[in-house]
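Chains, contacts and geometry: an overview
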Amino acid sequence: MSTQLISRGSLSPLKGVLCMIGAGLFLTLNDAVLKWLTGDYPVGQIMFLRGVFVFLPIILLVWHAGGLRSLRVTRIEPHLLRGGLMIAGTFLFINGLSHLPFADAISITFAGPLFVTALAAPLLGEVIRWRRWLAVVIGFAGVLIIIRPTSEVAQWAAIFPLAASVTGALRDILTRKMSQHDSSVSVLFYSTLAVTLAGGVTFVGGWAPVQAFDVGLFFLCGILIACAHYLMIEAFRFAEAALVVPFKYVSLLWAVLLGLVIWGDVPDNWTFVGAAVVICSGLYILHREREAKTKG
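Criteria and cut-off values
- Residues numbered from 1 in each chain as written.
- Predicted model: local features only at pLDDT ≥ 70, side-chain atom pairs only at ≥ 80, totals over all residues.
- Heavy atoms only, no water.
- Helix = DSSP H or I, 4+ residues; strand = E, 2+ residues; numbered from the N terminus.
- Rg over C-alpha atoms; globule rule 2.2 N^0.38 Å.
- Buried < 20%, exposed > 50% of the residue type's maximum accessible area, 1.4 Å probe, protein only.
- pLDDT = per-residue confidence, 0-100.
- Contact = heavy atoms within 4.5 Å.
- Salt bridge = Lys/Arg side-chain N within 4 Å of Asp/Glu carboxyl O.
- Polar contact = N/O pair within 3.5 Å; in protein donor to acceptor, adjacent residues only side chain to side chain.
- Phe/Tyr/Trp six-rings, centres within 6.5 Å; stacked < 30°, edge-to-face > 60°.
- Patch = residues over 30% accessible without salt bridge, like charges linked within 9 Å, V, L, I, M, F, W, Y side chains within 5 Å.
- Areas by Shrake-Rupley, 256 points an atom, 1.4 Å probe, with all protein chains shown as cover.
- Bend = angle between axes of the 7 residues up to and from the residue.
- Axes fitted to C-alpha atoms, helices over the stretch in contact; angles between N-to-C directions.
- Parallel < 35°, antiparallel > 145°, perpendicular 65-115°, else oblique.
- Left-handed = near helix turned anticlockwise from the far one by under 90°.
- Nonpolar A, V, L, I, M, F, W, Y, C, P; charged D, E, K, R; others polar.

Turning our eyes to something else, we now look at the overall build of the protein chain. For the protein chain, the count of helices and strands is 12 helices and 0 strands. Listing the helices and strands of the protein chain from first to last along the sequence gives α-α-α-α-α-α-α-α-α-α-α-α. The C-alpha atoms of the protein chain give a radius of gyration of 19 Å, which matches the 19 Å a tight globule of 296 residues would have. Dimensions of the protein chain along its principal axes, counting C-alpha atoms only, are 60 × 50 × 30 Å. Here the protein chain, with 296 residues, has 52% of them falling under the buried criterion.

Next up, the structure:
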């Protein structure tokens, strides 16, 4: 994936959508591994150890992008802000995974695209017409059809993934702005550094001994999260936030597929109905974007 800066005049909606779909796959895999680890390790330790392994693929990306000069930034303040949002979002989401059923925690975070759509107009100056609003809402309805959240979602722990979706929306909008000036590698590097350092500080509170097998899981998490966030940053470089963010819904399809292949969970009819709604809403958004480009 190219790390060259792309101007607003050379946006590529299809590339942005594909990057977001790929990011969703890697994030879903990462979330499943994280759910496993939360039973044995505190949140801060998970943030630190995963961050350490994230730097392995980042080093390769830095090398591929031209070395240390790819880490130069126009302004450090946005990177500090994005790092803070990443720290808050990671802490909140991992806590949510540790207290809620996996599917419920994931379903709550999918409120994020609605927050992005609401904030993209005032913060990014993007034009959000009613048809795209309607498609996003329908897509979210499809997610609810797939998940059909139980009454357990109403418990207090639900505030963790909900708050994480808000910080994620702010992070995505900030990323869209930053991607016009700084490389994807630099955005990923400094945010990862912030999360890793924040997790490392929690060492004073006591960490659990790391089992040999779990070292491999932390390594896997690092690779998955690095690939996911790099693709997500590229998605915002190629297309408008309000276009690509709804395609995060496709992660629910990855979750269904993984459940079928790994655990033998056969989706029921409602799951297929919800998946169809999600796909159709996403395709309609892409159609409207192409139509607008053609008229423009």
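From this point, the narrative continues.
Per-chain confidence: the protein chain averages 83 in pLDDT, with 90% of residues scoring 70 or above. Ranking the helices and strands of the protein chain by mean pLDDT puts helix α8 (residues 184-201) first, with 93, and helix α4 (residues 102-109) last, with 75. Ignoring residues within four places in sequence, the model shows residues 1-9, a span with pLDDT below 50, making 25 contacts including any to other chains.

Turning our attention to the pattern of salt bridges. If you walk through the whole model with that rule in mind, you get 4 salt bridges. Between Asp-172 and Arg-171 there is a salt bridge, with its nearest N and O atoms 2.9 Å apart. Here Asp-172 matches Arg-171 in class, with each residue buried. Salt-bridge contacts for Arg-237 lead to Glu-234; the nearest nitrogen and oxygen are separated by 3.0 Å. With a gap of 3 residues between them, Arg-237 and Glu-234 both fall in helix α9 (residues 212-238), about one helical turn apart. Summarising the burial analysis for this pair, Arg-237 and Glu-234 share the class buried.

So, about the side chain of Arg-176. For Arg-176, the position within the fold is in helix α7 (residues 159-178). On the basis of relative accessible area, Arg-176 is assigned to the buried category, the value being 1%. Looking at Arg-176, its side chain comes within polar contact range of the main-chain oxygen of Ala-239, at 3.4 Å.

Attention shifts here to the packing of aromatic side chains. Aromatic rings in a pair are described by how distant their centres are and how their planes are angled relative to each other. This structure, assessed with the given rule, holds 6 aromatic pairs. With centroids separated by 5.4 Å and ring planes inclined at 65 degrees, the aromatic side chains of Tyr-41 and Phe-218 adopt a geometry described as edge-to-face. Linking Tyr-41 in the loop between α1 (13-37) and α2 (43-64) with Phe-218 in helix α9, this pair joins segments that are 177 residues apart in sequence. Note on Phe-218: relative accessible area 1%, which makes it buried. Seen in terms of ring centroids, Phe-203 and Trp-207 are 5.2 Å apart; in terms of plane orientation they differ by 90 degrees. Their pairing is edge-to-face.

Taken together, the side chains of Phe-115, Leu-123, Leu-162, Val-166 and Leu-170 define a hydrophobic patch exposed on the protein surface, amounting to about 350 Å² of accessible area. Secondary structure elements with two or more residues in the nonpolar patch: α5 (112-124) and α7. Here the nonpolar patch takes 3 residues from α7, the largest share from any one element. For Leu-162, a relative accessible area of 39% corresponds to the partly exposed category.

Right, let's get into the side chain of His-229. Along the chain, His-229 turns up in helix α9. A relative accessible area of 8% means that His-229 is categorised as buried. Residues in contact with His-229, not counting those within four places in the same chain, are Leu-27, Met-86, Arg-171 and Leu-188.

The next point concerns α5. Taken as a whole, α5 carries its principal kink of about 30 degrees at Ala-118; the proline Pro-122 stands between one and four residues after it. Taken as a whole, α5 has its buried residues at Gly-112, Pro-113, Val-116, Thr-117, Ala-120 and Leu-124. A positive phi of about 75 degrees marks Gly-125, the residue just after α5.

When you tally the buried positions in α4, you get 6 out of 8 residues, the bulk of the element. Turning to α4, its buried residues are Asp-104, Ala-105, Ile-106, Ser-107, Ile-108 and Thr-109.

Time to look at the packing of α2 against α8. Here α2 crosses α8 at 155 degrees, and the two axes come no closer than 8 Å. In terms of axis orientation, α2 runs roughly antiparallel to α8. Like other packed secondary-structure pairs, α2 and α8 cross with a definite hand, here left-handed. Taken together, the residues of α8 that come into contact with α2 (itself represented by Gly-44, Met-47, Phe-48, Gly-51, Val-52, Val-54, Phe-55, Ile-58, Leu-61 and Val-62) are Val-185, Leu-188, Phe-189, Thr-192, Leu-193, Val-195, Thr-196, Ala-198, Gly-199 and Gly-200. Here the residues of the contact of α2 with α8 are counted per class, giving 14 nonpolar, 6 polar and no charged.

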